[in-house]
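# Coordinate analysis (summary)
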Amino acid sequence: MAFPKIRMRRLRRTPAMRRLVRQTTLSIDDLVYPLFVRPGEGLKVPIKSMTDCFHFSPDTIGAEAAEVASLGIPAVLLFGLPDKKDQIGSQAWAETGVVQRSISQIKKAAPDLLVITDVCLCEYTDHGHCGVIKEGKIDNDATCELLAKMALSHAQAGADIIAPSDMMDGRVKYIRQALEENDFQDIAIMSYAAKYASAFYGPFRDAAESTPSFGDRKGYQMDPANSDQAMAEIALDIAEGADIVMVKPALCFLDIIHRAKRRFDCPIAAYNVSGEYMMLNSAAQAGLLDKDSAMLEMLGSIKRAGSDIIITYFAKEVAKLLSK
Ligand code: PBG
């Protein structure tokens, strides 16, 4: 009988065989765990829109960071919710701001854990937009100056990596310049370079209390229909001084991650956003799929697409699974 010489199933026969030929392996080293802090004392308040996520206060964030570090996760990404919001988001660069105070607590509790800080005004402005508003429009360049101030204050507080997520043009250059001029040349920038105007940020906006009070973010975040523009955004951010570039969200944009990985030599990060996280959690809760396998498949696809770094609310769970 003339049977094909190649039988693909030979290499799938046993677990050891599958392990031997496996191309992509998810590692704890790839993970970044996002954390939310707000002013207060003794807080560990469950976030309604996001399963197993909490609002911490500066005095409780250290213990959480220590746990994250003990799981072997290399980095956390910090988001702050100030107690006072105003038109320009001035709590964002306050020395006594909630992120600034939390960084020192994390560094005390877990000195080797990398602290990445999200730099954006949307949590700090009373209108919820990522930039300052002049005559009804987001003023790009005025916003960049404030973002640079915010980034600098995070660096002064001890942040290791600054992550601007606002999508203003030129902000990486402003931030890089502020860091260089103030002797923070060793602080890395991980820019949200290709950040899309996505419906998948829904649960996060509840968690961060950052839903815009009017309009949407389509005037600064990218149109999901475009992919060439993502390459242009990434190239610009690298030219302006970004060390790591991010694609966000991850799942609907695996093609963008793949293109970016082929084209650029710096590390590529991807953000497995709140909507992706809650889609899986909700389906698992409804008994529709097995959570652990779905989670590994989901994160594995992001890695396979070309992401070197994966920011995910699943980080702690995955780390526990991977170290079993
Ligand atoms: C701030 C910011 C957002 C997210 C990260 N940083 C929200 C937004 O742009 O509206 C979303 C993260 C997530 O959904 O998990 N600009």
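What you see is a predicted model, and the numbers here were worked out from it, not measured in a lab.

### Here's the deal with the packing of helix α2 (residues 58-70) against helix α3 (residues 98-109)
In the contact formed by α2 and α3, the axes pass within 8 Å of each other and the chain directions differ by 40°. Regarding the angle of α2 to α3, the classification is oblique. Seen along the crossing, α2 lies across α3 with a hand that is right-handed. On α3, the residues touching Pro58, Ile61, Gly62, Ala65 and Ala66 of α2 are Val98, Arg101, Ser102, Gln105, Ile106 and Ala109. The class makeup of the residues in the contact of α2 with α3 is seven nonpolar, three polar and one charged.

### Observations concerning the site of the ligand
Around the ligand sit 19 residues, and of these Lys195, Arg205, Lys248, Ser274 and Tyr313 come closest. At a separation of 3.4 Å, a nitrogen atom of the ligand approaches a polar side-chain atom of Ser165. One of the side-chain nitrogen or oxygen atoms of Lys195 is found 2.7 Å away from an oxygen atom of the ligand. With the chains in place, 100% of the 400 Å² that the ligand exposes on its own is no longer accessible. Of all the cavities here, the one that holds the ligand is the largest cavity. Counted by class, the shell around the ligand contains 10 nonpolar, three polar and six charged residues.

### Observations regarding the packing of aromatic side chains
Taken as a whole and assessed by the stated rule, the structure comprises 10 aromatic pairs. Centre to centre, the rings of Phe54 and Phe56 are 6.1 Å apart; their planes meet at 55°, and the pair counts as tilted. By relative accessible area, Phe54 is classed as partly exposed at 23%. Looking at Phe56, the relative accessible area reads 3%, which means it is buried. Ring centres of Tyr271 and Tyr313 lie 6.1 Å apart, and the angle between their planes is 45°; this geometry places the pair in the tilted category. Highlighted residues: Tyr271 in strand β11 (residues 268-272) and Tyr313 in the loop between β12 (309-312) and α11 (315-322), separated in sequence by 42 residues. We note that Tyr271, like Tyr313, is buried. Feature note: the residues Phe36, Phe79, Tyr192, Phe204, Tyr271, Tyr277, Tyr313 and Phe314 constitute an aromatic cluster, connected by ring pairs. Over the ring of Phe54 we find Lys44; its NZ or CZ atom is 4.7 Å from the centre of that ring.

### Let's talk about the nonpolar core
It is characteristic of soluble globular proteins that their nonpolar side chains tend to be buried jointly. The biggest cluster of nonpolar side chains holds 106 residues, and the ones touching the most others in it are Phe36, Ile73, Leu77, Met190 and Tyr271. Apart from residues no more than four positions distant in its own chain, Ile73 is found in contact with Ile28, Leu31, Tyr33, Val68, Leu113, Ala315, Lys316 and Ala319.

### Focus: the pattern of salt bridges
Taken as a whole and assessed by the stated rule, the structure comprises 12 salt bridges. The salt bridge involving Glu209 is made with Arg38; its shortest N-O contact spans 3.3 Å. Within this pair, whereas Glu209 is found in the loop between α6 (202-207) and α7 (228-240), its partner Arg38 is found in the loop between β1 (31-37) and β2 (44-46), the two being separated by 171 residues in sequence. Residue Glu209 is classed as partly exposed on the basis of its relative accessible area of 40%. Residues Lys291 and Glu317 are paired through a salt bridge, measuring 3.0 Å at the closest nitrogen-oxygen approach.

The rules behind these values
- Residues numbered from 1 in each chain as written.
- Predicted model: local features only at pLDDT ≥ 70, side-chain atom pairs only at ≥ 80, totals over all residues.
- Heavy atoms only, no water.
- Axes fitted to C-alpha atoms, helices over the stretch in contact; angles between N-to-C directions.
- Helix = DSSP H or I, 4+ residues; strand = E, 2+ residues; numbered from the N terminus.
- Parallel < 35°, antiparallel > 145°, perpendicular 65-115°, else oblique.
- Left-handed = near helix turned anticlockwise from the far one by under 90°.
- Contact = heavy atoms within 4.5 Å.
- Nonpolar A, V, L, I, M, F, W, Y, C, P; charged D, E, K, R; others polar.
- Near = heavy atom within 4 Å.
- Polar contact = N/O pair within 3.5 Å; in protein donor to acceptor, adjacent residues only side chain to side chain.
- Areas by Shrake-Rupley, 256 points an atom, 1.4 Å probe, with all protein chains shown as cover.
- 1 Å grid on protein atoms, 1.4 Å probe; cavity = no way out; pocket = protein on both sides within 12 Å on 5 of 7 lines; lining within 4 Å.
- Sits in = over half its atoms within 2 Å of the grid points.
- Phe/Tyr/Trp six-rings, centres within 6.5 Å; stacked < 30°, edge-to-face > 60°.
- Buried < 20%, exposed > 50% of the residue type's maximum accessible area, 1.4 Å probe, protein only.
- Lys NZ or Arg CZ within 6 Å of the ring centre and 35° of its normal.
- Core = buried A, V, L, I, M, F, W, Y, C linked by side-chain atoms within 4.5 Å.
- Salt bridge = Lys/Arg side-chain N within 4 Å of Asp/Glu carboxyl O.

Just distances and angles here, no functional claims.
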